[in-house]
Amino acid sequence: AQTVTQSQPEMSVQEAETVTLSCTYDTSESDYYLFWYKQPPSRQMILVIRQEAYKQQNATENRFSVNFQKAAKSFSLKISDSQLGDAAMYFCASPGWQGGSEKLVFGKGTKLTVNP
Amino acid sequence: DAGVTQSPTHLIKTRGQQVTLRCSPKSGHDTVSWYQQALGQGPQFIFQYYEEEERQRGNFPDRFSGHQFPNYSSELNVNALLLGDSALYLCASSLEGLKETQYFGPGTRLLVL
């Protein structure tokens, strides 16, 4: 089974500081996208950023950027100038095959706390 | 532009009962995926519907079934509910293909007593 591993169950950061959330994945796909989703306590999953695997350039969306290392199958999320509203569960997701079906596989998540 | 909507928001059932959850996709999307999210876990893929057919399925028993209507909305049905079916059920819509971004609804919280 293809997996997504988020090794940090919890992280904390001071407001205005920078934090990096790690993710490793295991996919046999050659052309794929990777995703980071945010799930605040209101529970609705919101797309933070996505990375196209065939692109060398790391994706950036305002204060959010990724460090994509394709050979290492690593896809970390960096949040700069952290804000109180960034507090949430963050999930990394990659495509995978399981039981003959192609699907999006999610990690177990990292709970981010932002301290004022 | 309305995003993905789900109903109901909360549901309480007893073991052995059946439940139907509903999802309306984001405008312009033709694919609906369903996920189960247990407390403290990431979403687990249940199945995906495209053109009114189940295209992909995760490791869930046949008690979990679904349907997609011509207007692309979808239902998730769970029969013979077990206590372990208590979870947040998320619907996500997208265009067809795993390279497409999935947009999630707010979820339905199901509690089985």
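Because the structure is a prediction, the values reported are computed rather than measured. (Residues numbered from 1 in each chain as written. Chains lettered and ligands numbered in written order. Predicted model: local features only at pLDDT ≥ 70, side-chain atom pairs only at ≥ 80, totals over all residues. Heavy atoms only, no water.)

Participant: Would you mind showing me how to read the state of the cysteines here?
Facilitator: Working definition: the covalent bond between the sulfur atoms of two cysteines is a disulfide. Residue and element names in this part refer to chain B. Considering all chains together, one arrives at 2 disulfides over all chains under this definition. Sulfur-sulfur distance for the disulfide between Cys 23 and Cys 91 comes to 1.8 Å. Residues Cys 23 and Cys 91 are joined by a disulfide whose S-S torsion is about -55°; by sign, that bridge is left-handed. With Cys 23 in strand β3 (residues 19-24) and Cys 91 in strand β9 (residues 87-94), this pair connects stretches of sequence that are 68 residues apart. (Disulfide = S-S within 2.5 Å. Helix = DSSP H or I, 4+ residues; strand = E, 2+ residues; numbered from the N terminus.)

Participant: Sorry if this is basic, but what is going on with the confidence of the model for chain A here?
Facilitator: Do not read the fine detail of predicted coordinates wherever pLDDT is low. Summarising the model, chain A shows a mean pLDDT of 91, and 95% of its residues fall at 70 or more. Within chain A, the lowest mean pLDDT, 82, falls on strand β11 (residues 101-106) of chain A, and the highest, 98, falls on strand β3 (residues 19-21) of chain A. (pLDDT = per-residue confidence, 0-100.)

Participant: Explain the packing of aromatic side chains here, please?
Facilitator: Each aromatic ring pair is characterised by the separation of its centres together with the angle its planes make. A complete count under the given rule lists 13 aromatic pairs over all chains for this structure. Members of the aromatic cluster, connected to one another through ring pairs, are Tyr33(A), Phe35(A), Tyr37(A), Phe106(A), Tyr35(B), Phe45(B) and Phe104(B). Its end group placed over the ring of Tyr103(B), Lys26(B) keeps NZ or CZ at 5.5 Å from the ring centre. (Phe/Tyr/Trp six-rings, centres within 6.5 Å; stacked < 30°, edge-to-face > 60°. Lys NZ or Arg CZ within 6 Å of the ring centre and 35° of its normal.)

Participant: Could you clarify how one ought to interpret the environment of Trp97(A) in this entry?
Facilitator: Relative to the assigned elements, Trp97(A) resides in strand β10 (residues 88-98). Each C-alpha atom of the pair Trp97(A) and Ser7(A) lies 22 Å from the other, and the pair is 90 residues apart in sequence.

Participant: Hey, could you run me through the side chain of Ser76(A) in this one?
Facilitator: Residues and elements named next belong to chain A. Here Ser 76 lies in strand β9 (residues 74-79). Assessed through its relative accessible area of 11%, Ser 76 is described here as buried. Setting aside residues no more than four positions away along its own chain, Ser 76 makes contact with Thr 20, Leu 21, Ser 22, Cys 23, Trp 36, Ser 65, Val 66 and Asn 67. (Buried < 20%, exposed > 50% of the residue type's maximum accessible area, 1.4 Å probe, protein only. Contact = heavy atoms within 4.5 Å.)

Participant: What should I look at first to understand the pairing of β9(A) in this one?
Facilitator: Here is the key point about a regular strand: its side chains alternate between the two faces of the sheet. All names here are of chain A. In terms of burial, β9 is a largely internal element, 5 of the 6 residues being buried. Looking at chain direction, β3 and β9 are connected through 3 bridges and run antiparallel. Bridge pairing links Val 19 to Ile 79 in β9. In this structure, strand β8 (residues 64-69) lies alongside β9, joined through 6 bridges in antiparallel fashion. Residue pairing across strands places Val 66 opposite Leu 77, the latter belonging to β9. Linking β8 to β9, which pair antiparallel, is a turn of 4 residues; within it Lys 73 sits at a positive phi near 50°. (Pairing = 2+ DSSP bridges.)

Participant: How should I be thinking about the nonpolar core in this particular structure?
Facilitator: Nonpolar side chains tend to gather and get buried jointly when the protein is soluble and globular. Among the nonpolar cores identified, the biggest contains 25 residues, and Trp36(A), Phe75(A), Leu77(A) and Tyr90(A) are the most heavily contacted of them. Those elements giving two or more residues to this core turn out to be β3, β5 (33-39), β6 (46-52), β8, β9, β10 and β12 (110-115) of chain A. Setting aside its immediate chain neighbours within four residues, Phe75(A) contacts Cys23(A), Tyr25(A), Leu34(A), Phe35(A), Trp36(A), Gln51(A), Val66(A), Asn67(A), Phe68(A) and Cys92(A). Grouped together as the second largest cluster of nonpolar side chains are 20 residues, Cys23(B), Trp34(B), Phe64(B) and Leu81(B) included. (Core = buried A, V, L, I, M, F, W, Y, C linked by side-chain atoms within 4.5 Å.)

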